[in-house]
Amino acid sequence: MSEHVLKILLSELVTVRVRCRQQGCGAIVEIPTEELDQKFHSGLCPFCRAVLQLPQNNHLAELARALRELKAAHQQVEVQFVIPQKAPSAG
Ligand SMILES: [Zn+2]
């Protein structure tokens, strides 16, 4: 059985979609990765103000920093995200 995968270079990750899972909110924000830590620096949903992180850590800001630093290190390392593609269901 063949496997279809999608390989995305880190440099191709330019937009992040964040969805608040707070009941009654469900807001979706699509934001450039470069602005992720600015938009979510408070760690709160910009719409309902729900906390979007685990205590003591703003993981969205950490993700933004990690992406920025890995992109800057492109001479040393290439990072790809490999996403399996589901085969279209027959019938
Ligand atoms: Zn929300």
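Visitor: Which residues make up the overall build of the protein, and what are the values?
Guide: Of regular secondary structure, the protein possesses two helices and four strands. Listing every helix and strand of the protein by position from the N terminus yields β-β-β-α-α-β. The C-alpha atoms of the protein give 16 Å as radius of gyration, which overshoots the globular expectation for 91 residues (12 Å, by more than 25%). Along the longest, intermediate and shortest principal axes, the C-alpha atoms of the protein span 45 × 45 × 20 Å. Here the protein holds 91 residues, and 8% of them are scored as buried. Within the protein, residue pairs in contact and separated by at least 24 positions form 46% of the contacts whose partners lie at least 6 positions apart.

Visitor: Give a detailed account of the pairing of strand β4 (residues 80-85), specifying residues and quantitative values.
Guide: Little of β4 sits out of view: just zero of its six residues are buried. The pairing of strand β1 (residues 4-9) with β4 spans six bridges and is antiparallel. Looking across to β4, one finds that histidine 4 is bridged to glutamine 85.

Visitor: Residue-level account of the nonpolar core, with values.
Guide: Counting seven residues, the largest nonpolar core consists of Leu36, Phe40, Cys45, Leu52, Leu60, Ala64 and Leu67. Broken down by element, the residue count for this core peaks at three residues, all from helix α2 (residues 59-72). Sequence-distant contacts of leucine 52, that is, excluding residues within four places in its chain, are made with Cys20, Phe40, Gly43, Leu44, Cys45 and Leu60.

Visitor: Explain unusual backbone geometry to me, and be specific about the residues and the numbers.
Guide: One non-glycine residue, arginine 49, lies in the positive phi region at around 70 degrees. Considering the arrangement of structural elements, one finds arginine 49 in the loop between α1 (36-39) and α2.

Visitor: Tell me about the environment of cysteine 25, residues and numbers included.
Guide: Its location among the elements puts cysteine 25 in the loop between β2 (15-19) and β3 (28-32). Since 14 C-beta atoms lie within 10 Å of it, cysteine 25 is described here as partly exposed.

Visitor: I'd like a rundown of the environment of valine 16, residues and numbers included.
Guide: Its place among the elements puts valine 16 in strand β2. When the C-alpha atoms of valine 16 and glutamate 30 are compared, they prove to be 5.6 Å apart, with 14 residues separating the residues in sequence.

Visitor: Explain the environment of leucine 60 residue by residue, including any values.
Guide: Within the fold, leucine 60 resides in helix α2. Residues within four places of leucine 60 in sequence aside, it is in contact with Val18, Leu36, Asp37, Phe40, Leu52 and Gln53.

Quick notes on the rules
Residues numbered from 1 in each chain as written. Predicted model: local features only at pLDDT ≥ 70, side-chain atom pairs only at ≥ 80, totals over all residues. Helix = DSSP H or I, 4+ residues; strand = E, 2+ residues; numbered from the N terminus. Rg over C-alpha atoms; globule rule 2.2 N^0.38 Å. Buried ≥ 20, exposed ≤ 12 C-beta atoms within 10 Å, placed from the backbone. Contact = placed C-beta atoms within 7 Å. Pairing = 2+ DSSP bridges. Core = buried A, V, L, I, M, F, W, Y, C linked by C-beta atoms within 7 Å.

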